[in-house]
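Geometric and topological summary
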Amino acid sequence: ELDNLDGLEAALAERCEDSLHLFIKEAWETIDPVPFMDGRHIHILAEYLEAFIAGEIPRLLLNIPPGHMKSLSVSVMLNAWTWTKLERIGKRFMATSYRADLALRDADKTRELIRSGWYQRRWGNTVGSLRETKLQIRRDQDQKTRFANNAGGYRFSTSISGIMGEGGDF
């Protein structure tokens, strides 16, 4: 599955698929030049988000002060992490913010992460079958407001006022 990586890298990639916190920590430098500063709140946030994606928590409200990684964890990393596992690659996301430019900022960061060499080496499109080719953003579905992957998953980003007629798994 992760044949293009050496043994240690492949093992770490598999651990990242199962741990949002580890994924955030390992992917961090791909989207932010500031060094990653871990904290208990990030572990807790990742734990709750994992439970949300697994369906263990049907509705989740996060109330965390500004500057504590809500946007990066939820609106950037979570989408990319969810698509690392084959059984989750078709999941659909609707990402909203009170301002459209913030939703698009986070969508750009998610696409930047998914297109990064770090992500593509581990979960990207290099061969032909879906099993070997875990994720690629479709060229015909690659816009700031909506992008889709090669397995039917997509991310739609808008302001709160632009959600009529749209939906998603998350």
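The rules behind the values
Residues numbered from 1 in each chain as written. Predicted model: local features only at pLDDT ≥ 70, side-chain atom pairs only at ≥ 80, totals over all residues. Heavy atoms only, no water. Helix = DSSP H or I, 4+ residues; strand = E, 2+ residues; numbered from the N terminus. Buried < 20%, exposed > 50% of the residue type's maximum accessible area, 1.4 Å probe, protein only. Contact = heavy atoms within 4.5 Å. Areas by Shrake-Rupley, 256 points an atom, 1.4 Å probe, with all protein chains shown as cover. Core = buried A, V, L, I, M, F, W, Y, C linked by side-chain atoms within 4.5 Å. Phe/Tyr/Trp six-rings, centres within 6.5 Å; stacked < 30°, edge-to-face > 60°. Axes fitted to C-alpha atoms, helices over the stretch in contact; angles between N-to-C directions. Parallel < 35°, antiparallel > 145°, perpendicular 65-115°, else oblique. Left-handed = near helix turned anticlockwise from the far one by under 90°. Nonpolar A, V, L, I, M, F, W, Y, C, P; charged D, E, K, R; others polar.

Scanning the chain from terminus to terminus reveals six helices and four strands. In the chain, the order of α-helices and β-strands from amino to carboxyl end is α-α-α-α-β-α-α-β-β-β. The 170 residues of the chain split such that 43% are buried. Nonlocal contacts in the chain, meaning residues at least 24 apart in sequence, comprise 64% of its contacts between residues at least 6 apart. With an accessible surface of roughly 9,200 Å², the chain has 51% of that area assigned to carbon and sulfur atoms.

Glancing now at the side chain of Ser75. Tracing the backbone shows Ser75 in helix α4 (residues 70-82). Relative accessible area serves as the criterion here: at 16%, Ser75 is assigned to the buried category. Among all residues touching Ser75, those that are not within four sequence positions of it are Lys70, Asp106, Thr110 and Arg155.

This brings us to the nonpolar core. Ranked by internal contacts, the top residues of the largest apolar core, which has 32 residues, are Leu20, Phe23, Met77, Leu113 and Tyr119. Elements represented by at least two residues in this core include exactly α1 (7-18), α2 (20-31), α3 (40-53), α4, α5 (100-115) and α6 (117-123). Take this core: its biggest share by element is seven residues, from α2. Among residues more than four places away in sequence, those in contact with Leu113 are Phe23, Ala27, Thr30, Ile31, Met77, Ala80, Trp118 and Tyr119.

All told, the structure shown has seven aromatic pairs when counted by the stated rule. Relative to Tyr119, the ring of Trp118 lies with its centre 6.5 Å away and its plane at 55 degrees, an arrangement referred to as tilted. Here Trp118 matches Tyr119 in class, with each residue buried. What links up through ring pairs into an aromatic cluster is the set Phe23, Trp118, Tyr119 and Trp123.

With respect to the secondary-structure elements, Ser116 resides in the loop between α5 and α6. The spatial distance from the C-alpha of Ser116 to the C-alpha of Ala27 is 9.5 Å, given a sequence separation of 89 residues.

Time to look at unusual backbone geometry. One non-glycine residue, Met69, adopts positive backbone phi at about 80 degrees. Relative to the helices and strands, Met69 resides in the loop between α3 and α4. The class for Met69 is buried, based on a relative accessible area of 13%.

Now for the packing of α4 against α5. With their axes 9 Å apart at the nearest point, α4 and α5 run at an angle of 40 degrees to one another. The angle between α4 and α5 places the two elements in the oblique class. Considering only the axes of α4 and α5, their crossing is right-handed. Counting all contacts with α4, which are made through Ser71, Leu72, Ser75, Val76, Met77, Asn79 and Ala80, the residues of α5 involved are Arg105, Asp106, Lys109, Thr110, Leu113 and Ile114. Its residues assigned to classes, the contact of α4 with α5 shows six nonpolar, four polar and three charged.

What follows covers the environment of Glu50. Position of Glu50 relative to the elements: it lies in helix α3. Non-local contacts of Glu50, meaning those with residues more than four positions away in its chain, are made with Asp18, Ser19, Leu20, His21 and Trp81.

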